[in-house]
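# Summary of structural features
Here's the letter readout for the chains.
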Amino acid sequence: MSSPIVLILVPGLTSEAAQDLSFDRPECARGSLRPLPLELDPEEVLLSGSLESGNGTDIRKVLATYGLTTEELDLEEESGDGYELSAVERVRSALALGTDLVIVRAGVCDRWTRLTAALEGVNLLIVGHSTSPQRSGFVAIGPDIIAGDIEGSPVDLQPSLLGHFEVLPPPGPAPEGRLLHQIFRWAHPRAEDEIDVWTSGTGAGSAAGRGLE
């Protein structure tokens, strides 16, 4: 059974900014994703795995086909002194209900970093998205994640999520992206022998049944 993932989408997060995000966790995987052409919708590309509108299949629809659930939280308009606590509790509530993928639209303010730091023991994928000339940042932390350097493309996110959930790509054209397997613990059997600071969290995912590449 795969552990849930919290996907935090952060507009404007560059690779340089992502390199500065340690959250006091040296086991982070971090790196960058190639920039996108100005005419594209970054979120659509990330979630569909296709650079051409309408050609990909949205990750939410694919997971639903396999009985996996998605919850979406739009925090872009949130404000007030209790913002961080409210956001953390909403994510935790979704996970407690058995939600497999929680998508958080965090907005451009830096408060999402405090949200991330408060979610211990959770698989977090923090993905920058923009159509600027700069590469977008990518940070992964959690019980199923091991340290590594990431150099990829925005279309790699969808197949990577499918791989984690042991779900095959949808029928149709071949996916444009690739599975970023290097960041997942199940892809590195020896990693299970290392000291795992996440054992008090949600647990590590199994490599059984994962064959995507």
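These figures come from a predicted structure and were not determined experimentally. (Residues numbered from 1 in each chain as written. Predicted model: local features only at pLDDT ≥ 70, side-chain atom pairs only at ≥ 80, totals over all residues. Heavy atoms only, no water.)

### Observations concerning the sheet that holds strand β3 (residues 70-74)
Here we have seven strands laid out as an open sheet, ordered β3-β4-β1-β5-β6-β2-β7, and mixed in their pairing. Only two strands of the sheet have a single neighbouring strand rather than two, namely β3 and β7 (148-152). For this sheet the average axis-to-axis angle between neighbouring strands, irrespective of direction, equals 15°. By the bridge criterion, five bridges tie β3 to strand β4 (residues 101-105) in an arrangement that is parallel. Of the residues in β4, the one forming a bridge with Asp74 is Arg105. (Pairing = 2+ DSSP bridges. Helix = DSSP H or I, 4+ residues; strand = E, 2+ residues; numbered from the N terminus. Axes fitted to C-alpha atoms, helices over the stretch in contact; angles between N-to-C directions.)

### A look at helix α6 (residues 157-164)
Among the eight residues of α6, eight are classified as buried, and the element is accordingly described as predominantly covered. Restricting attention to buried positions, one finds in α6 the residues Leu157, Gln158, Pro159, Ser160, Leu161, Leu162, Gly163 and His164. On its buried face, α6 sits against β1 (5-11), α2 (42-48), α3 (59-65), β4, β5 (123-129) and β6 (136-141). Downstream of α6 by a residue or two, Glu166 has a phi angle that is positive, lying close to 60°. (Buried < 20%, exposed > 50% of the residue type's maximum accessible area, 1.4 Å probe, protein only. Contact = heavy atoms within 4.5 Å.)

### Quick look at the environment of Gly12
Relative to the assigned elements, Gly12 resides in the loop between β1 and α1 (15-19). Classification of Gly12 as partly exposed rests on a relative accessible area of 48%. Put simply, Gly12 and Gln134 are 122 residues apart on the chain and 9.2 Å apart in space, counted from C-alpha to C-alpha. When residues no more than four places from it in sequence are discounted, the contact partners of Gly12 are His129 and Ser130.

### Quick notes on the pattern of salt bridges
As enumerated under the stated definition, the model contains seven salt bridges in all. For the salt bridge of Glu151 with Arg135, the shortest nitrogen-to-oxygen distance reads 3.0 Å. In this pair, Glu151 is assigned in strand β7 and Arg135 in the loop between β5 and β6, connecting sequence segments 16 residues apart. Connected via shared salt-bridge partners are Glu43, Asp58, Arg60, Glu72 and Arg105. (Salt bridge = Lys/Arg side-chain N within 4 Å of Asp/Glu carboxyl O.)

### Focus on the environment of Leu68
When you line up the elements, Leu68 lands in the loop between α3 and β3. Overall, the relative accessible area of 18% leaves Leu68 in the buried class. Taking the C-alpha atoms as reference points, Leu68 and Val167, separated by 99 residues in sequence, lie 9.8 Å from one another. Here Leu68 is in contact with Leu63, Asp100, Phe165 and Val167, once residues within four sequence places are set aside.

### Concerning the environment of Glu52
Note that Glu52 resides in the loop between α2 and α3. Here Glu52 falls in the exposed class, since its relative accessible area comes to 51%. Sequence spacing of Glu52 and Glu176 is 124 residues, and the spatial spacing of their C-alpha atoms is 9.9 Å.

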